[in-house]
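Structure at a glance
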Amino acid sequence: TQRVLAADGTLIKASSIGKTRQEFEQQGYRTPCLLGWYEVQQMLLQALPKSTAVHLGAEFDRYEQDASTGLLTVHFKGGQQQPVQAGLLVAADGYFSRVRRQAVGDGLPTYGKTVVWRARLPAASAVAAGLDLQDNSSASAQDAGRYFFAFPISSGEYVWTAGVTGE
C-alpha cells in the first residue's frame, strides 16, 4: 500500500501499489526488493571466491595502473595496510569518493542546496515515532522545499529519508 500524507500527518490518499508478485513474474519481471547497505554488502561478500581480498575499514589513498598489465596497485592512507595489486577496484567510499576523484577527475562535490537525512529503524520504533505503517506499506509527505519518505526493507526494518531544499 502506498499512502500519501499531508505535512501534518493526515492521510491524503491510499492506494494499492499494483500487481501481485505472481502477476509481475508471469510477465517476466522480478519484484523489487529494498535492502539496506549491510544486506547488500553481506550478499556481495558471500558471493566472492574465498581467495578474494576484501579491505574493509581501510582508508584509500590512491591507485596506480600498470600500463602493460592493466593491474592496479592500491595504496592506503598512513600505511594502514600494505599496497594491494588487483585487476578490479570496487569503491564504495561515499559522497566524497577519493576513488571517483582520481578515476574521473571531477573534484569535490558541490553543495546542491539540499540537505538529506537518512536512518534505518525497527518497524516497532517507526510506529512508536508516529508513522502508521501497516502491512509493509510506505509513507511520504512533501510540501514546498521539504520531503519525507519511509519504506520497508527486507529485514523487517524501515528506512526513512527526509530532505530540505533551501538557499
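Residues numbered from 1 in each chain as written. Predicted model: local features only at pLDDT ≥ 70, side-chain atom pairs only at ≥ 80, totals over all residues. Heavy atoms only, no water.

On a plain count of helices and strands, the chain comes out with 4 helices and 9 strands. Buried residues in the chain amount to 20% of all 167 residues. For the chain, long-range pairs separated by at least 24 residues make up 40% of all intrachain contacts whose partners lie at least 6 apart in sequence. Summed over all atoms, the accessible surface of the chain reaches about 12100 Å², with 55% contributed by carbon and sulfur. (Helix = DSSP H or I, 4+ residues; strand = E, 2+ residues; numbered from the N terminus. Buried < 20%, exposed > 50% of the residue type's maximum accessible area, 1.4 Å probe, protein only. Contact = heavy atoms within 4.5 Å. Areas by Shrake-Rupley, 256 points an atom, 1.4 Å probe, with all protein chains shown as cover.)

It is worth spelling out the packing of aromatic side chains at this point. On inspection of all chains with the given rule, the structure shows 3 aromatic pairs. Considering the side-chain rings of Phe60 and Tyr63, the 6.4 Å spacing of their centres and the 45° angle between planes classify their relative orientation as tilted. Of the two residues examined, Phe60 and Tyr63, each falls in the buried class. Measuring from centroid to centroid gives 6.1 Å for Phe148 and Trp160, while their planes differ by 25°, and the two rings are stacked. Of the two residues, Phe148 sits in strand E8 (residues 146–152) while Trp160 sits in strand E9 (residues 157–165), which places them 12 residues apart along the sequence. (Phe/Tyr/Trp six-rings, centres within 6.5 Å; stacked < 30°, edge-to-face > 60°.)

Turning to the sheet that holds strand E5 (residues 84–86), a few remarks are in order. Strand order in this open sheet of 3 strands is E3-E4-E5, and the pairing throughout is antiparallel. At either margin of the open sheet sits one strand with a lone partner, and together these are strand E3 (60–65) and E5. Sheet twist, expressed as the average angle between the axes of neighbouring strands with direction ignored, equals 25°. By the bridge criterion, 5 bridges tie E3 to strand E4 (residues 72–76) in an arrangement that is antiparallel. Directly across from Glu64, in E4, lies its bridge partner Thr73. (Pairing = 2+ DSSP bridges. Axes fitted to C-alpha atoms, helices over the stretch in contact; angles between N-to-C directions.)

If you look at the biggest cluster of nonpolar residues, it comprises 7 residues: Phe60, Tyr63, Leu72, Val74, Phe76, Val84 and Val99. Considering every element that reaches this core, the biggest residue donor is E4, with 3 residues. Discounting chain neighbours no more than four positions away, the residues touching Val84 are His55, Leu72, Thr73, Val74 and Phe76. (Core = buried A, V, L, I, M, F, W, Y, C linked by side-chain atoms within 4.5 Å.)

On to the environment of Val116, then. Counting through the fold element by element, Val116 comes out in strand E6 (residues 114–122). As for Val116 and Val164, which are separated by 48 residues in sequence, their C-alpha atoms are 6.6 Å apart. In contact with Val116, not counting residues within four places along its chain, are Tyr147, Thr161, Ala162 and Gly163.

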